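Read off the chains here:
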Amino acid sequence: MIQKHNRMDTVQLTQFSHGAGCGCKLSPAVLHEILSGVDRSESFPSLLIGNDTKDDAAVMDLGDGTGIISTTDFFMPIVDDPRTFGRIAAANAISDIYAMGGTPLMAIAILGWPLGKIPESAASAVLDGGRSICSEAGIPLAGGHSIDSPEPIFGLAVTGRVPLNQLKANAAAQPGDHLFLTKPLGVGMVTTAQKKGIVTEDDLKSAVDSMQALNAVGAKLSQVSAVHAMTDVTGFGLLGHLVEMCEGAKLCAEVDTASVPLLSPERLRHYHSMECVPGGSRRNWASYGHHVDALEGFDRDLLCDPQTSGGLLVSVGNTGLEEVVAILEEEGLHSLSMGALGRREDWSADAPLISFR
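A few points on the structure. (Residues numbered from 1 in each chain as written. Predicted model: local features only at pLDDT ≥ 70, side-chain atom pairs only at ≥ 80, totals over all residues. Heavy atoms only, no water.)

A tally of helices and strands in the chain yields 11 helices and 12 strands. The 357 residues of the chain split such that 51% are buried. For the chain, restricting intrachain contacts to residue pairs at least 6 apart in sequence, the fraction spanning at least 24 positions comes to 85%. Summed over its atoms, the accessible surface of the chain is roughly 15,400 Å², and 51% of this surface lies on carbon and sulfur atoms. (Helix = DSSP H or I, 4+ residues; strand = E, 2+ residues; numbered from the N terminus. Buried < 20%, exposed > 50% of the residue type's maximum accessible area, 1.4 Å probe, protein only. Contact = heavy atoms within 4.5 Å. Areas by Shrake-Rupley, 256 points an atom, 1.4 Å probe, with all protein chains shown as cover.)

Right under this line is the structure:
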C-alpha cells in the first residue's frame, strides 16, 4: 500500500479507486434488482417526479407554479489531479438540474477520504475544484459532509428550481421527435487508455475538457416548448439512457450511428483495438442489450461507453428544430440530429426498442 505523501503533486488519485467516475455506478440490472425490493406504497401528491421513471432528479411541486429539484451524485476519481477531479464531479452532479430544465440554487459536498493514505491538502484541492464549478454555475457550495473512507469519493447534493411549464422529464418524449446529444461520446475509452498508459495528451485533454463543461444549455432548451424530454448521458451510456427514455414514453428509437458525436473517431477506434473498453460497457450491454437490435464490436462498446459528466440527450419535435439547432450552434455544441423516436403500437417491455441505420 502506498504510504502517506508529503507532497500533493505526487498523488495519483486513480491508484486509490477500483472504479472511475460514472463507471462506478451499479449496472442497470443490479440497480433494478435493488429498487424492486423498495416499498413504494406511500403516496405524496406534491411529488411530481420520483424514481418511478428513472429520471435524473426528484421534483416537488411548491404550489406556486414552480418545482424544487433535488439530486445527488458522487463517485471515485476518474483523473489523477485532485482539483480536476473535484471540477468533474461537481459538473456531473449539477448536470441533473439542467437535465430537468431547471436552474441550480445551491450545492452541498459529499466527501469520503482515505485518511493516512492521501494528504489532506489533496482533499482541499478537490473541494476547491468543486467550488470553482459551483461558482461557474452561479451557486454557492454551502456546506457538506465528510467521512474517512477506504477510497476517495467526491460529489454534490444539489438543489434547483424549475417553472413547472418548463419541466423536462425523460419519459415525456413524443413520436416523431428528433434526438440530439450535446457532448461527444468516448470518455470511458479515453480514460481507460489513460489507465493503460497509452493515451495521448491531446486525447486526454479533450476528454477532461468535455467532462468539466457545464450542461447549462439545458436551462435554455427547456424554454423551447417543442423540447419534450431531456436526460443526461452518464454511467449507463447513450443506449442505456435512450432505453430509459423509450421505456418511459413507450416509444422506439432509430439511431444513425454515423451522426453520433464522438471525441475522435479514429483515435477511439485505435484505443478500442488496444482493448481500452471499460468494464462498465460490457455490464451495460448485459443489462439492456436485449432491448437493442443487433450491434457488435466498436459501435456496441462505444454506444454503451459509460460517460462521466456526459452531454444532454434531447428529444425535440419538428416545430422546435430550427430553434434548438440555433441554440446549440450558439453554444458551440453538436447540432446534428442523430436519430428519431417513433410509436410502437404493440409495445412490449421485451421487444427491441432501439434500431440503427
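This brings us to the nonpolar core. Ranked by internal contacts, the top residues of the largest apolar core, which has 77 residues, are Ile-94, Leu-156, Leu-238, Leu-242, Leu-341 and Ile-354. Of all the elements, helix H2 (residues 82-99) adds the most residues to this core, at nine residues. When sequence neighbours within four positions are dropped, the list of residues in contact with Ile-354 reads Leu-239, Leu-242, Val-243, Ala-253, Val-255, His-291, Val-292 and Asp-293. Counting residues in each nonpolar core, the second largest holds 14 residues, with Leu-221, Val-227, Val-324 and Leu-328 among its members. (Core = buried A, V, L, I, M, F, W, Y, C linked by side-chain atoms within 4.5 Å.)

We now examine the sheet that holds strand S4 (residues 103-113). A sheet is described by the order of its strands in space; here six strands give the open sequence S1-S2-S3-S6-S4-S5, paired in mixed fashion. Across the chains shown, the open sheet's two edge strands, defined by having one partner strand only, are strand S1 (47-49) and strand S5 (141-148). Taking each pair of neighbouring strands and ignoring which way they run, the sheet shows an average axis angle of 20°. Direction of pairing for strand S2 (residues 58-61) relative to strand S3 (residues 66-75): antiparallel, over a ladder of four bridges. Bridge assignment links Val-59 to a residue of S3, and that residue is Ile-69. Relative to strand S6 (residues 153-163), H2 is tilted by about 30°, and along the sheet it contacts S3, S4 and S6. (Pairing = 2+ DSSP bridges. Axes fitted to C-alpha atoms, helices over the stretch in contact; angles between N-to-C directions.)

Looking now at the packing of aromatic side chains. Overall, the coordinates contain two aromatic pairs when judged by the stated rule. A ring pair is formed by Phe-75 and Phe-85, whose centres lie 6.3 Å apart and whose planes are at 40°; its orientation type is tilted. You can see Phe-75 sitting in strand S3 and its partner Phe-85 sitting in helix H2, a full 10 residues away along the chain. Since its relative accessible area comes to 0%, Phe-85 is described here as buried. Both rings, one in Phe-85 and one in Phe-154, keep their centres 6.4 Å apart while their planes meet at 70°; by these two values the pair is edge-to-face. Taken as a pair, Phe-85 in helix H2 and Phe-154 in strand S6 lie far apart in primary sequence, 69 residues in all. Across this residue pair, the class does not change: Phe-85 and Phe-154 are buried. One aromatic cluster is present, formed by Phe-75, Phe-85 and Phe-154 through successive ring pairs. (Phe/Tyr/Trp six-rings, centres within 6.5 Å; stacked < 30°, edge-to-face > 60°.)

It is worth spelling out the pairing of strand S8 (residues 227-232) at this point. Of all the six residues making up S8, six are buried; the element is thus mostly covered by neighbouring parts of the structure. Taken together, the five bridges between S8 and strand S10 (residues 312-316) define a ladder with antiparallel strand orientation. The residue of S10 that forms the bridge with Val-227 is Val-316.

Okay, the pattern of salt bridges next. Close approach of charged atoms allows side chains of opposite charge to pair. If you walk through the whole model with that rule in mind, you get nine salt bridges. For Arg-282, the salt bridge is made with Asp-301, and the minimal N-O distance between the two is 3.1 Å. A residue pair is termed long-range when its members are at least 10 positions apart, and Arg-282 in helix H9 (residues 279-288) and Asp-301 in helix H10 (residues 297-303) qualify at 19 residues. Residue Arg-282 is classed as partly exposed on the basis of its relative accessible area of 44%. A residue is classified by how much of its surface remains accessible, and Asp-301, at 2% relative accessible area, is buried. A salt bridge links Arg-300 to Asp-301; the nearest nitrogen and oxygen atoms lie 3.3 Å apart. On the basis of relative accessibility, which here comes to 21%, the residue Arg-300 falls in the partly exposed class. Put simply, Arg-282, Arg-300 and Asp-301 are held in one network by salt bridges that share partners. (Salt bridge = Lys/Arg side-chain N within 4 Å of Asp/Glu carboxyl O.)

Right, let's get into the packing of helix H4 (residues 187-196) against helix H5 (residues 201-212). The contact between H4 and H5 brings their axes to 10 Å, and the two run at 130°. Between H4 and H5, the interaxial angle falls into the category oblique. Considering only the axes of H4 and H5, their crossing is left-handed. Contact residues: Val-187, Val-190, Thr-191 and Gln-194 in H4; Asp-203, Leu-204, Ala-207 and Met-211 in H5. Tallied by class, the residues present in the contact of H4 with H5 amount to five nonpolar, two polar and one charged. (Parallel < 35°, antiparallel > 145°, perpendicular 65-115°, else oblique. Left-handed = near helix turned anticlockwise from the far one by under 90°. Nonpolar A, V, L, I, M, F, W, Y, C, P; charged D, E, K, R; others polar.)

As far as function goes, none of this settles anything; it's purely spatial.
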